[in-house]
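Take a look at the letters that make up each chain.
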Amino acid sequence: MGTPELKGTDKRWCQDVTLALRNSGGSAVRSGTVTFGTHIIGGLGIDWATIESTEKLPVPIAAGAETKKTWTVCVDSWRVPLGMHLETRDVSVDWK
């Protein structure tokens, strides 16, 4: 898994997260999930909350292959008032 690339959207409660996934194993990845830990950051830099969300991996990923996927990660709009923003800092992948 590569370093997540973050990009804002036109909604302050959403963020595009692009992730490169490389299968270094000897067989294809046939299923799995990616879990995002999205932090809600206040105007003074205070981390108010972390919301987790889970999405399916773009499978299959052949042995030795790399793929890149962008997910739009959103939280409830009321959680991100004006002056606050999102930062998806935590990303983990579980694949089989």
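Small disclaimer: the values here were computed from a predicted structure and weren't measured.

S.K.: Residues and numbers for the sheet that holds strand β4 (residues 47-56), please.
M.R.: Reading across from one edge, β4-β3-β6 is the order of the three strands in this open sheet, with antiparallel pairing throughout. Edge positions in the open sheet fall to β4 and β6 (85-95), since each of these has one partner strand only. Taking the axes of each pair of neighbouring strands and ignoring which way they run, one obtains an average angle of 20 degrees across the sheet. With ten bridges connecting them, strand β3 (residues 32-41) and β6 associate as antiparallel partners. If you follow Phe36 over to β6, its bridge partner there is Val91.

S.K.: Explain the nonpolar core to me, using residue names and the numbers behind them.
M.R.: Judged by nonpolar contacts, Val17, Leu19, Leu21, Val29, Val34, Phe36, Leu57, Ile61, Trp71, Val73 and Val91 together constitute the single largest core of eleven residues. Elements supplying a minimum of two residues to this core: β2 (14-22), β3 and β5 (66-74). Discounting chain neighbours no more than four positions away, the residues touching Val29 are Asn23, Leu57, Val59, Pro60, Ile61, Trp95 and Lys96. Among the nonpolar cores identified, the runner-up in size contains five residues, and Val75, Val80, Met84 and Leu86 belong to it.

S.K.: Talk me through the pairing of β4; I want residue IDs and the actual numbers.
M.R.: With nine bridges joining them, β3 and β4 adopt antiparallel strand pairing. What sits directly across from Val34, in β4, is Glu55. The hairpin turn running from β3 into β4, its antiparallel successor, is five residues long, and Gly45 in that turn takes a positive phi close to 90 degrees.

S.K.: Talk me through a nonpolar patch on the surface; I want residue IDs and the actual numbers.
M.R.: A cluster of nonpolar side chains, contributed by Leu44, Ile46 and Trp48, occupies part of the molecular surface with about 410 Å² of accessible area. Relative to the elements of secondary structure, Trp48 occurs in strand β4. For Trp48, a relative accessible area of 58% gives the class exposed.

S.K.: Report on the pattern of salt bridges, specifying residues and quantitative values.
M.R.: Counted by the stated rule, this structure contains four salt bridges. A salt bridge links Arg89 to Asp47; the shortest N-O distance between them is 3.4 Å. Highlighted residues: Arg89 in strand β6 and Asp47 in strand β4, separated in sequence by 42 residues. Assessed through its relative accessible area of 43%, Arg89 is described here as partly exposed. Judged by relative accessible area, which is 34%, Asp47 ranks as partly exposed. Ionic pairing is found between Glu87 and Arg89, a salt bridge with its closest N-O pair at 2.9 Å. Because the salt bridges share partners, they merge into one network encompassing Asp47, Glu87 and Arg89.

Analysis parameters
- Residues numbered from 1 in each chain as written.
- Predicted model: local features only at pLDDT ≥ 70, side-chain atom pairs only at ≥ 80, totals over all residues.
- Heavy atoms only, no water.
- Pairing = 2+ DSSP bridges.
- Helix = DSSP H or I, 4+ residues; strand = E, 2+ residues; numbered from the N terminus.
- Axes fitted to C-alpha atoms, helices over the stretch in contact; angles between N-to-C directions.
- Core = buried A, V, L, I, M, F, W, Y, C linked by side-chain atoms within 4.5 Å.
- Buried < 20%, exposed > 50% of the residue type's maximum accessible area, 1.4 Å probe, protein only.
- Contact = heavy atoms within 4.5 Å.
- Patch = residues over 30% accessible without salt bridge, like charges linked within 9 Å, V, L, I, M, F, W, Y side chains within 5 Å.
- Areas by Shrake-Rupley, 256 points an atom, 1.4 Å probe, with all protein chains shown as cover.
- Salt bridge = Lys/Arg side-chain N within 4 Å of Asp/Glu carboxyl O.

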